[in-house]
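Structural overview
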Amino acid sequence: MMRHLFWSVSLSIGLLGLSSSMRSSIAAAETFELKPRLLIDAQQVRCPEKVIAYQTAKPYQEGSFAWDGMAALGAIATQVSLFKVDPFSVTWVGTLKAPFQNCRATAGIFKVDGQPSEQSYLRMQFLKGKVYFILDMTGLSDANSLTPAILRHAVVQGNPRWGWGGTD
């Protein structure tokens, strides 16, 4: 009886640990920091220190992978909307909030989960009181040397949202 109780409790604790670790790996989002870099002739303007974006892996489906993402533009801009969509990229535009109206800069991925990164598929432009957020698959390839596809794009609560994926 005591041995049965021990195994039962051990199995329950093990399954509970496994289930919570599986949940956290599925639900864990990557955090991207995009760091604005001033244009060479724009030295005295105020720009955001950084812009945060998140991506979460979708559950695996045989033969493919996919990510869902969101950029926190609502912190620096209003009136965010879709600007341009083509098979390779999506661009959103928003009106910069007052402190950043004169920002003239570009931004790219600086860190992923706090670690330096040079990934290039999320970029930004700050110009003439507007911010442009760009998801761009140009130059990327999946395991089969195909360009990943943009699966969805929207604006939700003032923030760009997207999905993209490829084959494996």
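Notes on the structure in this doc start here. (Residues numbered from 1 in each chain as written. Predicted model: local features only at pLDDT ≥ 70, side-chain atom pairs only at ≥ 80, totals over all residues. Heavy atoms only, no water.)

Here we come to the packing of aromatic side chains. Throughout the structure, instances matching the rule amount to seven aromatic pairs. Their ring planes at 25 degrees and their centres at 5.5 Å tell us that phenylalanine 133 and tryptophan 162 sit as a pair that is stacked. Of the two residues, phenylalanine 133 is situated in strand β9 (residues 130-136) and tryptophan 162 in strand β11 (residues 159-167); the sequence distance between them amounts to 29 residues. Comparing phenylalanine 133 with tryptophan 162 shows no difference in burial state: the two are buried. Connected via pairs of aromatic rings, a cluster forms that spans Phe32, Phe65, Tyr121 and Trp164. The side chain of lysine 35 reaches across the aromatic face of phenylalanine 110, ending 4.7 Å from its centre. (Phe/Tyr/Trp six-rings, centres within 6.5 Å; stacked < 30°, edge-to-face > 60°. Helix = DSSP H or I, 4+ residues; strand = E, 2+ residues; numbered from the N terminus. Buried < 20%, exposed > 50% of the residue type's maximum accessible area, 1.4 Å probe, protein only. Lys NZ or Arg CZ within 6 Å of the ring centre and 35° of its normal.)

Right, let's talk about the nonpolar core for a bit. The tendency in soluble globular proteins is for nonpolar side chains to be buried side by side. Of all hydrophobic cores here, the largest spans 30 residues; its most connected members are Leu34, Ile76, Leu122, Met124 and Phe126. Counting only elements with at least two residues in this core, the list comes to β1 (29-38), β2 (51-57), β4 (77-85), β5 (89-96), β6 (105-112), β8 (122-127), β9 and β11. Residue contacts for phenylalanine 126: discarding those within four places in its chain leaves Pro36, Pro48, Val51, Ile76, Leu96, Cys103, Arg104, Ala105, Thr106, Ala107 and Val131. (Core = buried A, V, L, I, M, F, W, Y, C linked by side-chain atoms within 4.5 Å. Contact = heavy atoms within 4.5 Å.)

Residue position: tryptophan 67 is located in strand β3 (residues 64-71). Along the backbone, tryptophan 67 and tryptophan 164 are 97 residues apart, and their C-alpha atoms lie at a distance of 5.5 Å.

Attention now moves to unusual backbone geometry. Outside of glycine, negative phi angles account for most residues, and trans bonds account for most peptide bonds. Look at glutamine 79: it is not a glycine, yet its phi comes out positive at around 50 degrees. When you line up the elements, glutamine 79 lands in strand β4. Glutamine 79 sits in the exposed class, given a relative accessible area of 66%. In this structure, serine 145 is a non-glycine residue whose phi angle is positive, near 60 degrees. One can find serine 145 in the loop between β9 and β10 (149-156). On the basis of relative accessible area, serine 145 is assigned to the exposed category, the value being 62%.

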